[in-house]
Amino acid sequence: MKCSVVLKILITLSGLLLSIPSSAQHQGISHYDTLRGKLHEYRNCLELSFYDLQLRINPAQKSISGKNAIHYKSTRNHSKIQIDLFSNFIIDSVISSYEIAKIERDSNFIFVRFKNPVPQGAQNIVTIHYSGKPQEANNPPWDGGFVWSKDSLGRTWAGVAVEGIGASLWWPNIDHISVKPDSMHMAFEVPDSLVCASNGRLEKKIPLNDGYTRYHWKVTYPINNYNVTMNLAHYASFDDHYLSQSGDTLDLQYYVLDYNLEKAKKHFKQVHDIIGGFENLYAPYPFIRDSYKLIETSYWGMEHQSGISYGNNYKTDYFDFDYIILHESAHEWWGNSITAADHGELWIHESFATYTEALYIEKKFGYHAALQYLAHQKKMIKNKEPMLGPLHVNFHHWEHPDMYYKGAWMLHSLRHYVNNDDLWFQTFKDITNDLAYTIVNTQDIINYFSKKTGKDLQPFFDRYLKFASPPNFIYKIKKRKNHSILTYHWDKKTPDFDMPLDLIIDGKEVLRIYPTTQKQKIKIETDGNISIKKDFYIKVKSYDL
């Protein structure tokens, strides 16, 4: 198989999680953005431990009703907390272990004021009973919401995709990406004709004798709010098993439309190879108690933890992998286990998950295949906005996919900056072990890679994350008889930026240079061709070739 076929793969993929809807615009920061995106005094007073979500789903009316019990420990004395739920829902009642003095509603936010302060260290349960019609998704998964659809036989097919817009679109919670419960129980009552698939393990299924069946699902690991999912369809299911590098058996569970069952049994065999490839790169699969699931959805895909949404119509490309399975499964490590502290830092999820695709190809088909894969991704980089968004405002208005492709190229450039593949791959394995199940911010990632590589990588990450354009390498070459004089420097946007570059001399010899923002000059023993190795994502400005 020729490596060049990877280009054909990527041409077919350039629509998913790769294209951002044109409707997404940078918007002014409002009071409500801060209420949603900041861990202010009415949120940081509690330590979340458990959600108990119980809902009845009525597909005929496109409505839901039920309750969520929010279990938390008080981290300091407090008289008021914020719970998030979209304003189109009716709040039927709010019940608390501590007496409530007042309930206030402000847009998509509920403020519960207690009659007496909840003391530090106390356990409290606040239960919100509510009902209504959740906002529908216009273009899932990019423009999120509840997804009401029909399968090819005209039967109900429903789900959710709420990254960015928020889980409070359909259930009450502390809707911040960094606030995870330690575990979660979900009970969904659905019409008897439908099967309900969700995160974690199915504990029991109870007929209710009123035309509905209740499905009890349990998640035993911390989970992002936006990763919580609910799917309804005429599903058929089947199981498989994978022996993890942890020594445990990972249960593989699949929920697919009943008429796709035989097709899915063949197509999903690749999961063994994908999970195995990722475990060779990273820590063992992080949610082994909760299983690994693919759940067929009417939209393309989403990284719902231990219940990945799959909608790529069973397409296998030239390297015999399905892009959606590959990318969304990578998020089990990057995004679901290691989670960004703020929505403005989603580059942590998407850059690493996208680069994982190239690393997977490299391990299977070699470095040149991976480089071709990356080369096509490079064509989709726009350089129109920084990858690091504003913090504390639940920012999700990126207009371009640079956090995916530019982020992958940033990491690829860092690999060649480090210039030690043994150290590089060990660092990837270590970080997914050391930071598993943690909330990290950009500085945590910078500090980790700096410590592991022994290099101060602050200027490197600052330059790539905080500016729309990549580093600009400025140089000129003066040819002399039997040698050349190279004068060069980096642009001055980040004064301490000092990423080395590799030059290729006469098509074969590699010379490493160490540019800074100050001009340097070296003599190169050739009057022939001098070029820059293509493993670095930079712009080049040449004064004289």
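Presented here is a report on the structure given in the accompanying data block.

Cut-off values and rules
Residues numbered from 1 in each chain as written. Predicted model: local features only at pLDDT ≥ 70, side-chain atom pairs only at ≥ 80, totals over all residues. Heavy atoms only, no water. Helix = DSSP H or I, 4+ residues; strand = E, 2+ residues; numbered from the N terminus. Buried < 20%, exposed > 50% of the residue type's maximum accessible area, 1.4 Å probe, protein only. Contact = heavy atoms within 4.5 Å. Areas by Shrake-Rupley, 256 points an atom, 1.4 Å probe, with all protein chains shown as cover. Pairing = 2+ DSSP bridges. 1 Å grid on protein atoms, 1.4 Å probe; cavity = no way out; pocket = protein on both sides within 12 Å on 5 of 7 lines; lining within 4 Å. Points joined across faces, edges and corners; volume = space filled by probe spheres on them. Phe/Tyr/Trp six-rings, centres within 6.5 Å; stacked < 30°, edge-to-face > 60°. Lys NZ or Arg CZ within 6 Å of the ring centre and 35° of its normal. Salt bridge = Lys/Arg side-chain N within 4 Å of Asp/Glu carboxyl O. Expected span 1.5 Å × (residues − 1). Axes fitted to C-alpha atoms, helices over the stretch in contact; angles between N-to-C directions. Parallel < 35°, antiparallel > 145°, perpendicular 65-115°, else oblique. Left-handed = near helix turned anticlockwise from the far one by under 90°. Nonpolar A, V, L, I, M, F, W, Y, C, P; charged D, E, K, R; others polar.

### Things to note about the overall build of the chain
Point 1. Counting secondary structure elements, the chain contains 11 helices and 28 strands.
Point 2. Overall size of the chain, expressed as C-alpha extent along the three principal axes, is 90 × 55 × 45 Å.
Point 3. Here the chain holds 545 residues, and the buried ones make up 59% of them.
Point 4. Pairs at least 24 residues apart make up 70% of the contacts formed inside the chain by residues separated by at least 6 positions.
Point 5. Looking at the chain as shown, the accessible area adds up to about 21300 Å², and 49% of this sits on carbon and sulfur atoms.

### As for the pairing of strand S25 (residues 509–513)
Point 1. Bridge count between strand S24 (residues 501–505) and S25: five bridges; the pairing is antiparallel. Counted as the bridge partner of leucine 503 is leucine 511 from S25.
Point 2. Between S24 and S25, which follow one another and run antiparallel, lie three residues, and aspartate 506 among them has a positive phi close to 50 degrees.

### Observations regarding the environment of leucine 435
Point 1. Here leucine 435 is to be found in the loop between helix H9 (421–434) and strand S21 (439–440).
Point 2. A residue is classified by how much of its surface remains accessible, and leucine 435, at 16% relative accessible area, is buried.
Point 3. C-alpha separation for the pair leucine 435 and isoleucine 338, spaced 97 residues apart in sequence, amounts to 6.3 Å.
Point 4. What leucine 435 contacts, discounting residues up to four positions off in sequence, is Ser337, Ile338, Val440 and Tyr448.

### Overview of the layout of surface pockets
Point 1. By volume, the second largest pocket is sized at about 210 Å³.
Point 2. In terms of lining, the second largest pocket is formed by 15 residues, of which the most central are Glu47, Leu48, Ser178, Val179 and Lys180.
Point 3. The greatest single-element share of the lining of the second largest pocket, amounting to three residues, is contributed by strand S1 (residues 46–58).

### Some remarks on the packing of aromatic side chains
The relation between two aromatic rings is expressed through the spacing of the ring centres and the mutual angle of the planes.
Point 1. All told, the structure shown has 51 aromatic pairs when counted by the stated rule.
Point 2. Centre to centre, the rings of tryptophan 142 and tryptophan 300 are 6.5 Å apart; their planes meet at 85 degrees, and the pair counts as edge-to-face. Of the two residues, tryptophan 142 is situated in the loop between strand S7 (123–132) and strand S8 (145–150) and tryptophan 300 in the loop between strand S17 (292–296) and strand S18 (301–302); the sequence distance between them amounts to 158 residues.
Point 3. Overall, tryptophan 300 belongs to the partly exposed group, its relative accessible area being 22%.
Point 4. With 5.4 Å between their ring centres and 90 degrees between their planes, phenylalanine 268 and tyrosine 310 make a pair best called edge-to-face. With a gap of 42 residues between them, phenylalanine 268 in the loop between helix H3 (261–267) and helix H4 (270–281) and tyrosine 310 in strand S19 (residues 308–310) connect regions that are remote in the sequence.
Point 5. Lysine 80 extends its terminal NZ or CZ atom over the ring of tyrosine 42, reaching a point 4.6 Å from the ring centre.

### Some details on the pattern of salt bridges
Point 1. Applying the stated criterion to the full structure yields 23 salt bridges.
Point 2. The shortest N-O distance in the salt bridge between glutamate 104 and lysine 102 comes to 3.7 Å.
Point 3. A relative accessible area of 22% places glutamate 104 in the partly exposed class.
Point 4. You can call lysine 102 partly exposed: its relative accessible area is 45%.
Point 5. A salt bridge links glutamate 525 to lysine 523, with the nearest nitrogen and oxygen atoms 3.8 Å apart. Of the two residues examined, glutamate 525 and lysine 523, each falls in the exposed class.
Point 6. Through salt bridges that share partners, Arg56, Glu189, Asp210 and Arg214 make up one connected network.

### Regarding helix H8 (residues 402–418)
Point 1. Taking 1.5 Å per residue, 17 residues should reach 24 Å; H8 reaches 22 Å between its end C-alpha atoms and fits that length.
Point 2. In terms of burial, H8 is largely enclosed, as 17 of its 17 residues are buried.
Point 3. Positive backbone phi, at 60 degrees, marks asparagine 419, one or two positions downstream of H8.

### Thoughts on the sheet that holds strand S5 (residues 100–106)
Point 1. Taking strand neighbours across the sheet as the criterion, the three strands line up as S3-S6-S5 in an open arrangement whose pairing is antiparallel. Bordering the open sheet on either side are strand S3 (78–84) and S5, each of which pairs with just one other strand. The sheet shows a mean angle of 20 degrees between the axes of neighbouring strands, direction not considered.
Point 2. Note: S3 against strand S6 (residues 109–118), six bridges, orientation antiparallel. Across the sheet, residue histidine 78 finds its bridge partner in S6, namely valine 118.

### Some thoughts on the packing of helix H5 (residues 323–330) against helix H6 (residues 347–365)
For any two helices packed against each other, one specifies the inter-axial angle together with the distance between the axes.
Point 1. Relative to each other, H5 and H6 sit at 130 degrees, their axes nearing to 8 Å. In terms of orientation, H5 and H6 fall into the oblique class. Two packed elements cross with a definite hand, and for H5 against H6 that hand is right-handed. Each of Tyr323, Leu326, His327 and Ala330 in H5 lies in contact with H6, whose residues at this interface are Glu350, Ala353, Thr354, Thr356, Glu357 and Tyr360.
Point 2. Looking at the contact of H5 with H6 residue by residue, the class counts come to five nonpolar, three polar and two charged.

### Regarding the pairing of S6
Point 1. As judged from the six bridges shared by S5 and S6, these two strands associate in the antiparallel manner. Residue pairing in the sheet places glutamate 104 in a bridge with phenylalanine 111 of S6.

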